[in-house]
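Here is how the chains run, residue by residue.
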Amino acid sequence: MTHQERLTFWRLLLASATAFAITMALLPHPPQLVNVNDKWQHMAAFGTLTVLAILAYPKAPLWRVGERLSFLGALIEVAQSLPVLHRDCDIMDWLADTTIIVGVILVVYLFRHLRGDYSSWP
């Protein structure tokens, strides 16, 4: 598989995972796929999205990946405040999203730094 084919694969996977996460977040009564706390579901979703985004866009600045995904989490929470969805807007959900995004980015940054890639942070 060529480099471009790998990027296309990761980008399609990221788009699919993002669409799935947004759909589940905006369904009025989403199915419970696993029996865990809501915050853990948020962290699993945004941790996965962060890893996929970094794989799909390896040259993107890590802070930009974090910024965009955190903004997506905030937009989801704002959308959940719409009465028609019968969902709750919870800033703690956005905080859980952002916490795992930052955690994944820090791990990737440390890994890249340890292998000698000093260009990955800004």
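All of these numbers come straight from a predicted model, not from anything done at the bench.

How each quantity is defined
- Residues numbered from 1 in each chain as written.
- Predicted model: local features only at pLDDT ≥ 70, side-chain atom pairs only at ≥ 80, totals over all residues.
- Heavy atoms only, no water.
- pLDDT = per-residue confidence, 0-100.
- Helix = DSSP H or I, 4+ residues; strand = E, 2+ residues; numbered from the N terminus.
- Axes fitted to C-alpha atoms, helices over the stretch in contact; angles between N-to-C directions.
- Parallel < 35°, antiparallel > 145°, perpendicular 65-115°, else oblique.
- Left-handed = near helix turned anticlockwise from the far one by under 90°.
- Contact = heavy atoms within 4.5 Å.
- Nonpolar A, V, L, I, M, F, W, Y, C, P; charged D, E, K, R; others polar.
- Phe/Tyr/Trp six-rings, centres within 6.5 Å; stacked < 30°, edge-to-face > 60°.

What follows is about the confidence of the model for the protein chain. Of the residues in the protein chain, 96% reach a pLDDT of 70 or more, and the chain-wide mean stands at 92. The lowest-confidence element of the protein chain is helix α2 (residues 38–56), averaging 95 in pLDDT; the highest-confidence one is helix α3 (residues 62–80), averaging 97.

Two elements in contact, helix α1 (residues 3–26) and α3, have axes separated by 10 Å at closest approach and are oriented at 25°. In terms of axis orientation, α1 runs roughly parallel to α3. The way α1 lies across α3 gives a crossing that is right-handed. Residues Thr18, Ile22, Ala25 and Leu26 of α1 lie in contact with α3, whose contacting residues are Leu72, Ile76, Ala79 and Gln80. Across the contact of α1 with α3, the residue classes tally to six nonpolar, two polar and no charged.

What follows concerns the packing of α2 against α3. Following both chains from N to C, one finds α2 and α3 inclined at 145°, their axes separated by 10 Å at the closest point. For the element pair α2 and α3, the recorded crossing hand is right-handed. Here His42, Phe46, Leu49, Thr50, Ala53 and Ile54 of α2 lie close against α3, whose contacting residues are Leu62, Val65, Leu69, Leu72, Gly73, Ile76 and Glu77. Grouping the amino acids of the contact of α2 with α3 by side-chain chemistry returns nine nonpolar, three polar and one charged.

A few words now on the packing of aromatic side chains. Evaluation of the coordinates by the stated rule reveals one aromatic pair. Pairing phenylalanine 9 with tryptophan 10 gives two aromatic rings, centres 5.0 Å apart and planes at 70°, and the pair type is edge-to-face.

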